[in-house]
Amino acid sequence: MTKKKYLNEFDATLQIIQGKWKVMILYELYENSPRRFGELHRYIRDISHKTLTNQLRELEEDGLVIRTVYPEVPPRVEYTLTAKGLSLIPLLEMICDWGIAHVDHGQMERLLCDETEEK
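The model shown is predicted, which means the values in this text are computed figures rather than measured ones. (Residues numbered from 1 in each chain as written. Predicted model: local features only at pLDDT ≥ 70, side-chain atom pairs only at ≥ 80, totals over all residues. Heavy atoms only, no water.)

Describing the environment of Tyr30
Then step 1. Take Tyr30: it is sitting in helix H2 (residues 22–31).
Then step 2. Taking the relative accessible area as the measure of exposure, Tyr30 reaches 23% and is therefore partly exposed. (Helix = DSSP H or I, 4+ residues; strand = E, 2+ residues; numbered from the N terminus. Buried < 20%, exposed > 50% of the residue type's maximum accessible area, 1.4 Å probe, protein only.)

Encoded structure:
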């Protein structure tokens, strides 16, 4: 496997979380972990099965998510954040806070983080 190359630290961070659904996946795993594939699919709603699979694989390859397969019939697979994935949460919360403060809520289909909610 070839190591990715980045222009700089900004490029590295943005490329790792780049993807229409990755931030939602990370935030959902932070708030409700572990999560099964079907639970993530229902939470995100508009994501295709293929896209969710690809985004989870990329997050796993980048060391942000752990995929655990349980030897059961039928197989059970759960996803959780790694320590590296958890380290992104303060950044995601700042992005969320900025969006709540500077973007008209009427322009958003839904709010994922509530400014009154504290962890």
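Thoughts on the layout of surface pockets
Then step 1. Taken as a whole, the largest pocket encloses approximately 700 Å³ of empty space.
Then step 2. Counting residues per element, the ones that place at least two in the lining of the largest pocket are H2 and helix H6 (89–102).
Then step 3. Looking at which element gives the most residues to the lining of the largest pocket, the answer is H6, with five residues.
Then step 4. Of the residues contributing to the lining of the largest pocket, the split by class is 14 nonpolar, one polar and five charged. (1 Å grid on protein atoms, 1.4 Å probe; cavity = no way out; pocket = protein on both sides within 12 Å on 5 of 7 lines; lining within 4 Å. Points joined across faces, edges and corners; volume = space filled by probe spheres on them. Nonpolar A, V, L, I, M, F, W, Y, C, P; charged D, E, K, R; others polar.)

Thoughts on the packing of H2 against H6
To describe two helices that pack against each other, one gives the angle between their axes and the distance between the axes.
Then step 1. Where H2 meets H6, the axes come as close as 11 Å, and the angle between the chain directions of the two elements is 115°. As judged from the angle between their axes, H2 and H6 are roughly perpendicular. Relative to H6, H2 is oriented so that their crossing is left-handed. Contacts between H2 and H6 involve Val23, Leu26, Tyr27 and Tyr30 on the former and, on the latter, Ile89, Leu92 and Glu93. (Axes fitted to C-alpha atoms, helices over the stretch in contact; angles between N-to-C directions. Parallel < 35°, antiparallel > 145°, perpendicular 65-115°, else oblique. Left-handed = near helix turned anticlockwise from the far one by under 90°. Contact = heavy atoms within 4.5 Å.)

Let's talk about helix H1 (residues 9–17)
Then step 1. Those residues of H1 that sit buried are Asp11, Ala12, Ile16 and Ile17.
Then step 2. In this structure, the buried side of H1 is in contact with H2.
Then step 3. By the N-cap criterion, in which a side-chain oxygen at the helix start approaches the backbone nitrogen of a residue two or three places on, H1 is capped by Asn8, the distance to Phe10 being 3.0 Å.
Then step 4. Positive backbone phi, approximately 140°, marks Gly19, located one or two places after H1. (Polar contact = N/O pair within 3.5 Å; in protein donor to acceptor, adjacent residues only side chain to side chain.)

Concerning the packing of aromatic side chains
Then step 1. Tallying each qualifying case throughout the model produces one aromatic pair.
Then step 2. The residue whose ring lies beneath Arg110 is Tyr43, and the NZ or CZ to ring-centre distance is 4.9 Å. (Phe/Tyr/Trp six-rings, centres within 6.5 Å; stacked < 30°, edge-to-face > 60°. Lys NZ or Arg CZ within 6 Å of the ring centre and 35° of its normal.)

A look at the pairing of strand E2 (residues 65–70)
Then step 1. By the bridge criterion, six bridges tie E2 to strand E3 (residues 76–81) in an arrangement that is antiparallel. Opposite Ile66, over in E3, you have Thr80 as the bridge partner.
Then step 2. If you look at the hairpin formed by E2 and E3, you'll find five residues sitting between the two strands. (Pairing = 2+ DSSP bridges.)

Regarding the side chain of Arg35
Then step 1. Among the secondary structure elements, Arg35 is positioned in strand E1 (residues 35–36).
Then step 2. A distance of 2.8 Å separates a polar atom in the side chain of Arg35 from a polar atom in the side chain of Glu28.
Then step 3. Beyond its immediate stretch of four places on either side in the chain, Arg35 contacts Glu28, Leu29, Leu40, Val77, Glu78 and Tyr79.

Just geometry here; none of it tells us what the structure is for.
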